[in-house]
Amino acid sequence: MSAPLDPRAGWDLPAPGTMPAVAELEPLVTRVLAPNPSGMTLDGTNTYLVGEPGSGQLVVVDPGPADPRHLAAVRAAAAARDAEVVALLVTHHHGDHAEAAGPWGALLGVPVAAASPAVAGPGGRLLAPGERLALAGTTLQVVPTPGHTADHLAFRLASGAVLVGDHVLGRGTSVVAHPDGDLTAYLESLRRVHALGPSALYCGHGPELTEDPGAVLEFYLAHRAHRERQLVDALAAGPRTVPALVAAVYPGLPAELVPAATRSTRAALGKLAAEGRVEPAPGDVVGPARP
Ligand SMILES: [Zn+2]
């Protein structure tokens, strides 16, 4: 049983740490990289400025961390587009995407729009699945993508590109962590974005994926199916504890990555339990799997 191959291995993507601070991805979209690189955020959070050229307006998708350097960079990129910010959209509530939404909304005097009331704030706007936002001379379609978090949204642009937040990352795979993450919902969301036939995926972290976005989504689905087979195989010999399952599925994992792998494994077990394929047992033990 071999792991599925990542199609991006053969693509000409920038090496980690070499993404440009500001990049025009297409006439509608400028990306500004936030200064918050880490193991979880890769090169940093990608903040996207979206607007029809000549409209004089743009929307900011995922303002990112509330860092004055990042605000200055976003303002400079808006000025270079000769446009003012008219709204802030947020893909999900994690701080590396949403922290600046409240403060920047107040500072710029523009509304924050998101799926969760906590992110949208008192004067904000709650986004509904499927709605089309007419903003900055263009249209953004709200695509529900729960899984990474329950409140996760993607935004489909008029060009066919999709801003996917942390649903898909420019490198590696995304974390679906118990208990906020839901693997069943995540897989449905991957299929939903695939069905849109995106011309490009603009990710919350890492490089933009333009060469064959559908192949990346298929790889993400295959990767999850592979992990699930590994879990079912590890349970074939009888009940195991969750830590024992993590050790079986992720041999040789560095200690600092074990907590994330454990939350991911719990999310995978949650899917199998919901399907009646494993039995939770006392003492953090998971009982035999049915294929
Ligand atoms: Zn993130």
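Here the structure is shown first, and the text comes after it.
Residues numbered from 1 in each chain as written. Predicted model: local features only at pLDDT ≥ 70, side-chain atom pairs only at ≥ 80, totals over all residues. Heavy atoms only, no water.

A. How the structure looks around the coordination of the zinc ion. Every protein donor of the zinc ion is listed here as Asp96 (OD), His97 (NE2), Asp166 (OD) and His205 (NE2), and their distances to the metal cover 2.0 to 2.2 Å. Around the zinc ion, the four donor atoms are arranged such that angles at the metal cover 84 to 158°; this shape is classified as irregular. Spacing between the donor residues of the zinc ion along their common chain follows D-H-x68-D-x38-H. Of this pair, His97 sits in helix α2 (residues 95–98) while His205 sits in the loop between β12 (200–203) and α6 (213–234); the two residues are 108 residues apart in sequence, bridging distant segments of the chain. (Donors = N, O, S within 2.8 Å, 3.2 Å for Na, K, Ca; no water. Tetrahedral: all angles 85-135°; square planar, octahedral: opposite > 155°, others 65-115°. Helix = DSSP H or I, 4+ residues; strand = E, 2+ residues; numbered from the N terminus.)

B. Layout of helix α3 (residues 101–108). If you check which residues of α3 are buried, you get Ala101, Trp104 and Gly105. End-on view of α3: buried residues confined to an arc of 105°, all on one side of the axis. Here the buried face of α3 lies against α1 (68–80), β5 (84–89), α2 and β6 (112–114). Two residues or fewer past α3, Gly109 is found with a positive phi of approximately 70°. (Buried < 20%, exposed > 50% of the residue type's maximum accessible area, 1.4 Å probe, protein only. Arc of directions from axis to C-beta. Contact = heavy atoms within 4.5 Å.)

C. Spotlight on a negative patch on the surface. A cluster of acidic side chains, namely Asp12, Glu211, Asp212 and Glu218, defines a negative patch on the protein surface. When you line up the elements, Glu218 lands in helix α6. Given a relative accessible area of 44%, Glu218 falls into the partly exposed group. (Patch = residues over 30% accessible without salt bridge, like charges linked within 9 Å, V, L, I, M, F, W, Y side chains within 5 Å. Areas by Shrake-Rupley, 256 points an atom, 1.4 Å probe, with all protein chains shown as cover. Salt bridge = Lys/Arg side-chain N within 4 Å of Asp/Glu carboxyl O. Lys, Arg positive; Asp, Glu negative; His and termini not counted. Charge placed at Lys NZ, Arg CZ, Asp CG, Glu CD.)

D. Fine view of unusual backbone geometry. For the bond from His178 to Pro179, the omega torsion is 5°, close enough to zero to count as cis. Looking at the secondary structure, you find Pro179 in the loop between β11 (161–165) and α5 (183–195). At Asp62, a residue that is not glycine, the phi angle is positive and equals roughly 60°. Relative to the helices and strands, Asp62 is located in the loop between β4 (57–61) and α1. Although it is not a glycine, Asp82 sits at a positive phi angle of roughly 60°.

E. Geometry of the packing of aromatic side chains. Evaluated as defined, the whole model comprises two aromatic pairs. For the ring pair Tyr48 and Tyr202, a centre distance of 5.9 Å and an interplane angle of 20° mean the geometry is stacked. Placement of Tyr48 in strand β3 (residues 46–50) and of Tyr202 in strand β12 is noted, with a sequence separation of 154 residues between them. Seen in terms of ring centroids, Phe219 and Tyr220 are 6.2 Å apart; in terms of plane orientation they differ by 75°. Their pairing is edge-to-face. (Phe/Tyr/Trp six-rings, centres within 6.5 Å; stacked < 30°, edge-to-face > 60°.)

F. Seen up close, the pairing of strand β1 (residues 22–26). Pairing analysis gives four bridges linking β1 to strand β2 (residues 29–33), with the strands arranged antiparallel. Across the sheet, Glu26 pairs through a bridge with Val29, a residue of β2. Taking the residues between adjacent antiparallel strands as the criterion, β1 and β2 are bridged by two residues. (Pairing = 2+ DSSP bridges.)

G. Spotlight on the sheet that holds strand β8 (residues 132–135). With mixed pairing, five strands are arranged side by side in an open sheet as β8-β9-β10-β11-β12. Every other strand in the sheet has two partners, leaving β8 and β12 as the edge strands with one partner each. On average, each strand axis in the sheet is inclined to that of its neighbour by 25°, with strand direction left out of account. Note that β11 and β12 share four bridges and pair parallel. (Axes fitted to C-alpha atoms, helices over the stretch in contact; angles between N-to-C directions.)

H. Quick look at the packing of helix α7 (residues 242–249) against helix α8 (residues 258–274). In contact at an axis separation of 10 Å, α7 and α8 are set at 105° when each is read in the N-to-C sense. Taken together, α7 and α8 sit at an angle that is classed as roughly perpendicular. On α8, the residues that touch Val242, Leu245 and Val246 of α7 are Ala261, Thr262, Thr265, Arg266 and Leu269. Of the residues in the contact of α7 with α8, the class split is five nonpolar, two polar and one charged. (Parallel < 35°, antiparallel > 145°, perpendicular 65-115°, else oblique. Nonpolar A, V, L, I, M, F, W, Y, C, P; charged D, E, K, R; others polar.)

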